[in-house]
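# Descriptive analysis of the structure
Now for the letters of each chain:
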Amino acid sequence: MVSGFELQLKFRHTVNGAPILWDSLRYENAHQETYSFSRISYLLTGFALQDATGRWIPLSDSFAWIDGPSSRNQVALTDIPEGRYHAIRFHIGPESEQNHGDPTQYAADHPLNPNLNKLHWDWQSGYIFLALEGRYRDANESKTSGYVYHYANNPQRTAVTLPLPIDLKATSLFEIDFDLGKLFNTPGPISFHQHGASTHSRKGDLIPVLLKKNLPHAFQVTKVRSAAMSPDKVRTVPIDLPAQYTPFPFKMSRTFPVPDLPVDNPLITERVVLGKKLFHDTRLSLDGTIACASCHKEPAALSDNVAQSTGIYGQLSRRHSMPLFNLAWKDRFFWDGRAETLRAQSLMPIVDPTEMNETLPSVIQKLDADPEYKELFARAFASGAISAENIGLAFENFLLSQTSYSSRFDQATQGKTTLREQERRGLELFMTEFEPRSGQYGADCFHCHGGALFTDNRFHDNGLRELIEDRGLEEATGDPLDAHKFATPSLRNVALTAPYMHDGRFNTLEEVVEHYSTGVVNRDTLDPNLAKHPAEGLNLNDADKAALVAFLRTLTDPQYAVSN
């Protein structure tokens, strides 16, 4: 018997048989409610094949994370023995041991790494098995609201079994439709108005019961064909690595997920030292007055304490300076996500007319005239070249080394101190959804600011007023559906990074909390986690608002606070 064949599964997201159109309010359920989809993301585990004898053959270490909007839709099951198979089985969600195990054990590219899938609540609650988010409109109403269905908890883990008649003698590809129309309608119709616009799969909630009932009917194998083997990963070679170097010790909390550090630019002390010097050098600006550190100050947790930072000739930046710690867990940079790597992001302020307004050839010429820089580049790069590429790599190394994970909150989670009663109440509100249907009246912060990093590192429209001139993510993608979406900043060190939001419109944490309590503007691009709230907002009382602010102040890292 020959082993080593590959079975590829490609998932296609449809509604009533037709390919899904994202963020399109056009689909109708059995209750005549119109709805759309902005997010479909789920975890598949426990793959197994049934052979000709009826025996199930488990495929070890088979995990997949599927995400519709990002077109992450294919799974490769490898090392499958030749033979005749009748069916395939997989589960929505991990088994109990994986669900409540340590999520930091997974490599950066593993489907169960929380920083990759953005589907992890905490060790106690585990993973979200399936996230469905979008907007809906009742049959008799013109206004739209958001819905958020987070399907989770081990009793909800669902097996899906599909016929798979195949005589496996070569690599094959199966296309599988996941029909969201059937998921919402067959055999148990789900109504946003009748059953609820949100669920977190608590015990006694009917929505996850209906989803579990419908899930096995929503998948169907639609096409079978031969396919080429998945190409082997190309070995990445470090760029211009010197013959002798000192590995830099990357430091992070044990509770943080493993980050996807750049293999082609490994952290070495020589590049971190060079990047730090460049970060503080005003010669990178045209008139020699502005350095990166001018707008990203240590006492402000590598942010700035003004709404708009000052560039050369007194010009003001367009947006508030973002904090520059824990960037190893991000994959897009700036408020609008226009840079996909730190090395690219680092060079953009240098050439920005309102910031440093310099040219890269001029910067290179200045650095090349400095004997100290010549020596530093010779230590950091085999070629010793002072080039734009190597400047970007040095910046990237330095910025990746800037981590923050030692706040009083962290000390409390380790049992080294305790939070005060008001702070504990703030944490409870922070981590509790606002879902009156199930008797939950929290502040719903954790959806976008959950996890050990206190950010999901995604882009959201958070309902700010007066955003006519700044389109946010849309300016980078060109997609009108991305209008008003901005990067979610980490709430670590948030007490140090005022003013707040991309334009620095709020001067205090109290103003920020008030916005989310009563000031959110409902529009088509508003994040569903906010759009599901009532029109009048959360209406938190004064004591709860104060508790939230008190908790947020526990997230300050002493390495920055000591500078104040």
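Let us look at the structure shown here. All residue numbers refer to positions counted from 1 along the written sequence of the respective chain. In view of the model being predicted, local features appear only for residues whose pLDDT reaches at least 70, and side-chain atom pairs are presented and counted only at 80 or more, with totals across whole chains, interfaces and linings using the full set of residues. Values reported for side chains reflect all heavy atoms of the structure, with hydrogen atoms and water molecules removed beforehand.

This part takes up the overall build of the protein. Secondary structure elements are taken from DSSP: a helix is a run of H or I of four residues or more, a strand is a run of E of two residues or more, and numbering for both begins at the N terminus. Each helix and strand in the protein was counted, giving 19 helices and 20 strands. For a compact globule of 564 residues, the expected C-alpha radius of gyration is about 24 Å, and the protein comes in at 25 Å, within 12% of that figure. Overall, the protein is about 75 × 65 × 50 Å in size when its C-alpha atoms are taken along their principal axes. Total accessible area on the protein stands at roughly 24600 Å², and carbon and sulfur atoms take up 51% of it. Positive charges come from Lys and Arg, negative ones from Asp and Glu, while His and the chain ends are left out of the count. Charged side chains are reduced to one point each, which is NZ for Lys, CZ for Arg, CG for Asp and CD for Glu. Each charge class in the protein was averaged separately, 55 positive and 69 negative side chains, and the resulting centres sit 3 Å apart. Using C-alpha atoms as the atom set, the radius of gyration is obtained and then compared with a globule rule of 2.2 Å times the number of residues to the power 0.38. Using a 1.4 Å probe, accessible areas were evaluated by the Shrake-Rupley method; residue-level cover was limited to the displayed protein chains.

Put simply, helix H8 (residues 342-351) and helix H11 (residues 388-400) touch, their axes get as near as 8 Å, and they point 110° apart. The angle between the axes of H8 and H11 places the two elements in the roughly perpendicular class. Contacts between H8 and H11 involve Leu342, Arg343, Gln345, Ser346, Leu347 and Ile350 on the former and, on the latter, Ala388, Ile391, Gly392, Leu393, Phe395, Glu396, Leu399 and Leu400. Throughout this entry, Asp, Glu, Lys and Arg are counted as charged residues, while Ala, Val, Leu, Ile, Met, Phe, Trp, Tyr, Cys and Pro are counted as nonpolar. The remaining residues, Gly among them, count as polar. Each residue belonging to the contact of H8 with H11 can be placed in one class, and the counts come to nine nonpolar, three polar and two charged. A fitted line through C-alpha atoms serves as each axis, taken over the contacting stretch for helices, and the angle formed by two N-to-C directions is quoted from 0 to 180°. Roughly parallel covers angles under 35 degrees, roughly antiparallel covers those over 145, roughly perpendicular covers 65 to 115, and oblique covers all other angles. The contact criterion used is simple: two residues touch if any of their non-hydrogen atoms lie within 4.5 Å.

A few words now on the packing of aromatic side chains. Whether two aromatic rings pair depends on their centres lying within 6.5 Å, for rings of Phe, Tyr and Trp, where Trp uses its six-membered ring; planes under 30 degrees apart make the pair stacked, over 60 edge-to-face, and the rest tilted. If you walk through the whole model with that rule in mind, you get 34 aromatic pairs. Taking the centre distance of 6.0 Å and the plane angle of 25° together, the rings of phenylalanine 377 and phenylalanine 381 count as stacked. Per-residue accessibility, obtained with a 1.4 Å probe over protein chains only, is compared with the maximum for each type, and a residue is labelled buried under 20%, exposed over 50%, and partly exposed between these values. Under the relative-accessibility criterion, phenylalanine 377 is labelled buried at 0%. Taking the centre distance of 5.6 Å and the plane angle of 85° together, the rings of phenylalanine 409 and phenylalanine 551 count as edge-to-face. In this pair, phenylalanine 409 sits in helix H12 (residues 408-413) while phenylalanine 551 sits in helix H18 (residues 542-552), placing the two residues 142 residues apart along the sequence. Between the NZ or CZ atom of arginine 338 and the centre of the ring of phenylalanine 334, over which it lies, the distance is 3.7 Å. Charge-over-ring placement is defined geometrically: NZ (Lys) or CZ (Arg) within 6 Å of the ring centre, and within 35 degrees of the ring normal.

Remark: helix H6 (residues 269-279) packs on H11, axes separated minimally by 7 Å, with the N-to-C direction vectors making an angle of 100°. In terms of orientation, H6 lies roughly perpendicular with respect to H11. Contacts between H6 and H11 pair Arg271, Val272, Leu274, Gly275, Lys276, Leu278 and Phe279 from the former with Ile391, Leu393, Ala394, Phe395, Asn397, Phe398 and Leu399 from the latter. Taken together, the residues that form the contact of H6 with H11 break down as 10 nonpolar, two polar and two charged.

Among all positions of helix H16 (residues 509-519), only Leu509, Val512, Val513, His515, Ser517 and Gly519 are buried. Along its buried surface, H16 packs onto H18.

In a regular helix each residue adds 1.5 Å, so 13 residues correspond to 18 Å; helix H5 (residues 206-218) covers 18 Å between its end C-alpha atoms and thus fits that length. The set of residues buried in H5 consists of Ile207, Pro208, Leu210, Leu211, Asn214, Leu215 and Ala218. Between N or O atoms, a polar contact is any pair within 3.5 Å; within protein, one atom must be a potential hydrogen donor and the other a potential acceptor, and residues adjacent in sequence are included only when both atoms are from side chains. Measuring from the backbone nitrogen of isoleucine 207 back to the side-chain oxygen at the start of H5 gives 3.1 Å, which picks out aspartate 205 as the cap. In this scheme, a helix's expected span is set at 1.5 Å multiplied by one less than its residue total.

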